[in-house]
Amino acid sequence: MRITVFHNSNAKSVHVAANLAAKLRQQGFSVVKDNPDIVITVGGDGTLLSAFHEYAHMLDKVRFVGVHTGHLGFYTDWRDYELDELVESLRHDDNQKISYPLLDVGVRYADDNSTVHYLALNEATLKRFPATMVTDVYISDELFESFRGDGLCVSTPTGSTAYNKSVGGAVLNPQLEAIQLAEIASINNRVFRTLGSAIVISKDEWIDVYPEPRAMDYEMTVDRFAPKQRPIKAIRYRIAKERISFARYRHMHFWNRVEDAFIGEKQH
Ligand code: NAD
């Protein structure tokens, strides 16, 4: 089995990654950079997001495993002191995996009318600063609302606990095949009106936005990256054909993870 160990630049992650690579080689695994069967990330959720984008061209083949050098994350099931257990699980690997939906973001640029597709694991946001973002929002070709405010956040189910949650979106069980649109500080008064809450659309629906004016001051983000700013004519959001797969050696109940991350010690 070909394994990539992908880490962030934090000193602890560098150390843990070197240790893990040595343990893997001892057990006869090929530790490689290109064409891996499994990518093990060492760091945090952000490290897994970076690894996802690095290997996004081969999602049909690769499975991910996350090792966290801090507290448990949403994409990281293993702690840095559990390397021996992880290597043991890899030795008994029989291709077990769990996969989750991704977001396809099709951006039509106004300067040359080209369409570029981006793939998001967490979310894509569109914001305008300092002016108000103005855009019509269509759901499956029907006008839904005219949005005015700071911006919009469209997230995957696994991304629902990230930025989406900070802007009032719901937490979705990642086994659902759906995407969510959440507002970022919408303007609501007698003149301008939006729904004012997040919506979840199903897998056969799509969302189109048409930012006005087609200016350069719109900023788009895809997970932790910001594609080069260009005037945008339209963006179509839908569930991607691709999915992300995780090697599943242990199961953590999704709602326990949510409770652990956001609520912590319960009071009785
Ligand atoms: P970062 O280092 O600022 O991390 C932000 C936090 O988000 C970290 O605690 C990370 O563990 C957590 N996180 C990432 N993905 C998560 C997920 N799916 N569920 C729950 N928590 C998650 O930035 P980064 O590491 O580069 O991560 C980029 C992500 O940060 C973006 O995809 C976005 O979701 C999030 N973000 C959130 C806000 C906000 O909540 N206001 C603002 C910007 C970015």
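Criteria and thresholds
Residues numbered from 1 in each chain as written. Predicted model: local features only at pLDDT ≥ 70, side-chain atom pairs only at ≥ 80, totals over all residues. Heavy atoms only, no water. Buried < 20%, exposed > 50% of the residue type's maximum accessible area, 1.4 Å probe, protein only. Helix = DSSP H or I, 4+ residues; strand = E, 2+ residues; numbered from the N terminus. Contact = heavy atoms within 4.5 Å. Expected span 1.5 Å × (residues − 1). Arc of directions from axis to C-beta. Polar contact = N/O pair within 3.5 Å; in protein donor to acceptor, adjacent residues only side chain to side chain. Salt bridge = Lys/Arg side-chain N within 4 Å of Asp/Glu carboxyl O.

### A few points about helix H2 (residues 45–54)
Move 1: Along H2, 7 of the 10 residues are buried, which leaves the element largely enclosed by surrounding structure.
Move 2: Taken together, the buried positions of H2 are occupied by Gly 46, Thr 47, Leu 48, Leu 49, Ser 50, Ala 51 and Phe 52.
Move 3: In this structure, the buried side of H2 is in contact with strand E1 (2–7), strand E3 (38–43), strand E4 (63–68), strand E6 (97–109), strand E7 (115–120) and strand E15 (232–247).

### What about helix H1 (residues 11–26)?
Move 1: Between its terminal C-alpha atoms H1 stretches 23 Å, which fits the 22 Å expected from 16 residues at 1.5 Å a residue.
Move 2: Considered for burial, the residues of H1 that qualify are Ser 13, Val 16, Ala 17, Leu 20, Ala 21 and Leu 24. Seen along its axis, H1 keeps its buried residues to an arc of 140°; they face one direction. In H1, those exposed residues whose orientation departs by more than 90 degrees from the buried face are Ala 11, His 15, Arg 25 and Gln 26.
Move 3: Buried residues along H1 sit against E1, strand E2 (30–31), E3 and helix H3 (83–91).
Move 4: The N-capping residue of H1, defined by a side-chain oxygen 2.8 Å from the backbone nitrogen of Lys 12, is Asn 10.
Move 5: Gly 28 lies just past H1 and shows a positive phi near 90°.

### Some details on the pattern of salt bridges
Move 1: Taken as a whole and judged by the stated rule, the model has 12 salt bridges.
Move 2: With its nearest N and O atoms 2.9 Å apart, the salt bridge here joins Asp 84 to Lys 23. Of this pair, Asp 84 sits in helix H3 while Lys 23 sits in helix H1, placing them 61 residues apart in sequence.
Move 3: Linking Arg 128 and Asp 217 is a salt bridge whose minimum nitrogen-to-oxygen distance equals 3.1 Å. A residue pair is termed long-range when its members are at least 10 positions apart, and Arg 128 in strand E8 (residues 123–128) and Asp 217 in the loop between strand E13 (207–212) and strand E14 (218–222) qualify at 89 residues.
Move 4: The buried category is assigned to Arg 128, whose relative accessible area is 13%.
Move 5: Accessibility expressed as a relative area gives 26% for Asp 217, which makes it partly exposed.
Move 6: Salt bridges linked by common partners bring Asp 111, Asp 112 and Arg 230 together as one network.

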